[in-house]
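Remarks on the overall topology
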Amino acid sequence: MKSQFKRILYGGDYNPNQWPREIWEEDMRIFRNARINSATVNVFSWAKIQPAEERYDFSELDDIVDMLSRENYDIVLATSTAALPAWMVKRYPEVSRTDYEGRHHKFGQRHNACPNSPVYQRFAAALAEKLAERYGKNGRIACWHVNNEYGGECYCENCEKAFRIWLRKKYKTLEALNQAWNLEFWGHTIYDWDEIVLPNALSEGLQGGKTAFAGISIDYRRFMSDSMLSNYRMERDSIRRFDTEAPITTNLMGTYKGLDYFKWAKEMDVVSWDNYPRYDTPWSYTAMCHDLMRGLKDAPFMLMEQTPSQQNWQQYNSLKKPGQMRAQSYQTIAHGADTIQFFQLRRSAGACEKFHGAVIEHAGTDNTRVFREVRQLGLELERLSAVTPGSVNEAETGIIFDWDNYWALEYTSGPSVDLTYVKHIHQYYTYFYERNIPVNLIPFDADFSRYKVVVAPVLYMIKEGMKEALTSFVEKGGVLILTYMCGIADQSDNVFPGGYPGPLRELAGVWVEEVDALSPEQSNEVVFKDGTKVSCGLVCELMHTEGAEILAEYGSDFFAGCPAVTKNHFGEGFVYYIGTNVEEEGLSRVMDMAVADAAVQPVISGAGGLEITCRETDVCSFYFVLNFKDQELPVPEELTGYMDMITGEKVPEGEMLSKYDVKIIRVEK
Ligand code: GLA
Ligand code: ZN
């Protein structure tokens, strides 16, 4: 696959505009020493480059771009539209947002523009166009960075009006809308499009972020995601008129709930994202986020931001231990990144990010631990441009990740408040992660035929086409894993009558009659055929088999002896149905069976606790071997005797990796 970049971009957000000019030269010297070759500039400079409605001033940005060009940088040029200038909010108050409680905001903070304000749209498009006109032919612009971390919501009158238009387009008639939202409930029937009210705390919102009408609220999320996406497209199209070559992106945020990233990725040339694990985030979780970001376009991605060491906005902002940033960076590349970029290159002196780590810290020198680690990585990455860009990750297992389902599941009022989406995806992902079985995170309309195993955790919402696609996948020999809370509602959040899992009932060979919710202190158990008992909780589905084989039954309560885990032979394939949240030992047992049925293999055998992934080219495989465990672990025998791309030396037999050690081992095909 051809990459978007000729070398691994190494750099990050750089705000020289916050510093006097003498500092700029010093920055260049220090960055050169660390082999930094890229800078993301102009992320929050709207007030600087458009100081008044009628006036643009690019003189400082020109100087920054010239300086970086002289230094042979690959420049990532941002459009600055993620924080409004004060003059704009003062003159046009409609550009700022109205929040969920209905309060219209004043000037302040960032990510604060109403996506449906025609004034904001006009100014943002004009700014992107001016920037593209000025810098679009500059060959040093390696990538355009539109806005910054799109997100949040607006509940203003402009949004309400735009929502009505969006709904008219979607539903055509009020009858269809009334039916989709089930508005007979509580007599909420609408007789005029103007009667539609957006769902917030003043209307259908319930305590705890829940809603009286999930149909309306899910549509509002779809609409907000589409509204911001059209902001993005508008800026992108302005840029494209002047620059037909450089890739255009906006930085995403992993499993961020608010935007349907699969839909977004279709409009982006390359996916980029910001990775900020907490001190206690499991490495498997970060790996999953990378696989999701890679999955959005099924292609390598950019790591737009990570901190060299410390955070400021988490509760406890621990330092990264020696070696940790390097290991985190290699994990990112291992899962498909072609760039390593930091937030930020020089630490701010004031405002809320002054405690956020940077390549140059407040000490202002390169004589720091953090800098030495950044430099070491820079020297290594310079050599590794022969590994990535250009190689790709392959997988035979897919886990479905679907934003509509995410929203719908978390809006449900019942059966349990603990039914959160990402936790379940991670639970299943972890099984594969721990065994080094590569996984793609895939959309609901993926080409399932590419996979041997498809896992669909808590697939509450079944959208049009899914039944057919999953049926044909299993018929042709695929192994499908379904769990509790599956097949309950359609895309408008109305239940499929006739027993869960609705359209997947025949495929699963079971039907679910009731769903019990267990509080955290309650548990049941599942009993496998050989008598093994493991604990389960969260929800227990009371189901009946209709052709499926029973693998395990409940151990207690009035439904003891009822099926809890089943397996159905369908066509050439199998469908596993896991009716309760089984603890790890039991889950692994079921997953082992599914993986054996599908003959899915780990990327390498004998990994023994190491994280190992593989990026491939036509001629060779690059094995990324990482140790995130506290104890030393041996490199698997199968990989010894081959070249480590980092050191340029052969990996000797019996080689041990200590915590945070990394090897990138090249094996010819
Ligand atoms: C986000 C933003 C950056 C910066 C960092 C700090 O990712 O995009 O501008 O605020 O957080 O972690
Ligand atoms: Zn609005």
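Residues numbered from 1 in each chain as written. Chains lettered and ligands numbered in written order. Predicted model: local features only at pLDDT ≥ 70, side-chain atom pairs only at ≥ 80, totals over all residues. Heavy atoms only, no water.

1. A few points about the domain arrangement of the chain
Stated precisely, the cut-off is as follows: Domain delimitation in this document rests on an assignment produced automatically or drawn from a domain database. Summed over both partners, the accessible surface that disappears when two parts come together, traced with a 1.4 Å probe, is what is meant by buried area. A side-chain nitrogen of Lys or Arg and a carboxyl oxygen of Asp or Glu constitute a salt bridge if their distance falls within 4 Å. In protein, a polar contact requires one atom able to donate a hydrogen and another able to accept it; more generally it is a pair of N or O atoms within 3.5 Å, and residues adjacent in sequence count only if both atoms are side-chain atoms. Throughout this entry, Asp, Glu, Lys and Arg are counted as charged residues, while Ala, Val, Leu, Ile, Met, Phe, Trp, Tyr, Cys and Pro are counted as nonpolar. The remaining residues, Gly among them, count as polar.
The domain architecture assigned to the chain consists of domain 1 (9-82 + 112-154 + 223-384), domain 2 (157-218), domain 3 (397-598) and domain 4 (611-668). Computed over C-alpha atoms, the centres of domain 1 and domain 4 are 30 Å apart. Taken over both partners, the interface formed by domain 1 and domain 4 buries close to 1,300 Å², and the fraction arising from carbon and sulfur atoms is 63%. Considering only the surface of domain 1 that becomes buried against domain 4, W283, Y330 and A334 emerge as the three largest contributors, covering 33% of it. Counting the contacts that link domain 1 with domain 4 gives one salt bridge. One salt bridge in this structure joins R615 and D338, with 2.8 Å as the shortest N-O distance. The interface formed by domain 1 and domain 4 holds seven residue pairs in polar contact (both at pLDDT 80 or more) in total. Here the side of domain 1 that touches domain 4 is composed, by residue class, of nine nonpolar, five polar and five charged.

2. Looking at the pattern of salt bridges
The criterion, for reference: Numbering of helices and strands runs from the N terminus, with a helix taken as a DSSP run of H or I at least four residues long and a strand as a DSSP run of E at least two residues long. The buried label applies to any residue whose accessible area, calculated with a 1.4 Å probe on protein chains only, is under 20% of its type's maximum; exposed applies above 50%, and partly exposed to all values in between.
Under the counting rule described, the total for this entry stands at 45 salt bridges. Between D298 and R450 there is a salt bridge whose closest N-O contact spans 2.7 Å. Highlighted residues: D298 in the loop between α10 (283-297) and β8 (301-305) and R450 in the loop between β11 (439-442) and β12 (453-456), separated in sequence by 152 residues. Overall, D298 belongs to the partly exposed group, its relative accessible area being 32%. We note a salt bridge from D630 to K659, for which the minimum N-O separation is 2.8 Å. Note that D630 is positioned in the loop between β22 (620-626) and β23 (633-634) and K659 in the loop between β26 (656-657) and β27 (662-668), a separation of 29 residues in sequence. By relative accessible area, D630 is classed as exposed at 65%. Salt bridges sharing common partners tie together K170, D219, R222, D402, D404 and K463.

3. Considering the site of ligand 1
How we decide: In these notes, residues near a molecule or strand are those with any non-hydrogen atom within 4 Å of it.
Around ligand 1 sit 13 residues in total, of which E149, E305, W313, E353 and H356 are the nearest. A distance of 2.6 Å is found between an oxygen atom of ligand 1 and a side-chain nitrogen or oxygen belonging to W313. Interatomic distance of 2.3 Å between a side-chain N/O atom of E353 and an oxygen atom of ligand 1. Taken together, the residues of the shell around ligand 1 sort by class into four nonpolar, four polar and five charged.

4. Comments concerning the coordination of the zinc ion (ligand 2)
Think of it this way: four donors in a tetrahedron around the metal ideally sit 109.5 degrees apart, and six in an octahedron ideally sit 90 or 180 degrees apart. Keep this limit in mind: Atoms of type N, O and S within 2.8 Å of a metal are treated as its donors, and for Na, K and Ca the window is 3.2 Å; water is not considered, so some sites may appear to be missing partners. Square planar and octahedral sites, with four and six donors, are those where opposite donors lie more than 155 degrees apart and all other angles lie between 65 and 115, tetrahedral sites have four donors with every angle between 85 and 135 degrees, and the rest are irregular.
Here the zinc ion (ligand 2) is held by C114 (SG), C154 (SG), C156 (SG) and C159 (SG), and the distances to it run 2.2 to 2.3 Å. One way to put it: the four donor atoms around the zinc ion (ligand 2) meet at angles of 101 to 118°, and that makes the site tetrahedral. We note that the donor set of the zinc ion (ligand 2) lies within a single chain, spaced as C-x39-C-x1-C-x2-C. Of this pair, C114 sits in the loop between α4 (86-91) and α5 (118-135) while C159 sits in helix α6 (residues 157-171); the two residues are 45 residues apart in sequence, bridging distant segments of the chain. As far as burial versus exposure is concerned, C114 and C159 are alike and both buried.

5. Structural notes on a negative patch on the surface
We count it as follows: Residues forming no salt bridge and having over 30% relative accessible area are the ones grouped into patches, like charges within 9 Å of each other and nonpolar side chains (Val, Leu, Ile, Met, Phe, Trp, Tyr) within 5 Å. Shrake-Rupley sampling with a 1.4 Å probe provides the accessible areas, and residues are treated as covered by the protein chains on show and by no other component. The convention is simple: Lys and Arg are positive, Asp and Glu are negative, and His and the chain ends are not counted. Think of each charge as sitting on NZ of Lys, CZ of Arg, CG of Asp or CD of Glu.
A cluster of acidic residues, E434, E583, E584 and E585, forms a negative patch on the protein surface. A residue is classified by how much of its surface remains accessible, and E584, at 53% relative accessible area, is exposed.

6. Looking at the sheet that holds β22
The strands that make up a sheet are held in pairs by hydrogen bonds between backbone atoms, and each pair lies either parallel or antiparallel. Test applied: Should DSSP find at least two bridges between two strands, the strands are regarded as paired. A contact between two residues is defined here by any heavy atoms of the two lying within 4.5 Å. Fitting a line to C-alpha atoms yields each axis, with helices limited to the stretch in contact; the angle taken between N-to-C directions then spans 0 to 180 degrees.
Strand order in the open sheet formed by five strands is β21-β22-β27-β24-β25, and the pairing between neighbours is antiparallel. Two strands lie at the open edges of the sheet, namely β21 (611-616) and β25 (649-650), each paired on one side alone. As judged from the seven bridges shared by β22 and β27, these two strands associate in the antiparallel manner. Residue pairing in the sheet places F622 in a bridge with R666 of β27. Where helix α11 (residues 324-334) meets the sheet, its contacts fall on β21, β22 and β27, and the angle it forms with β22 comes to roughly 145°.

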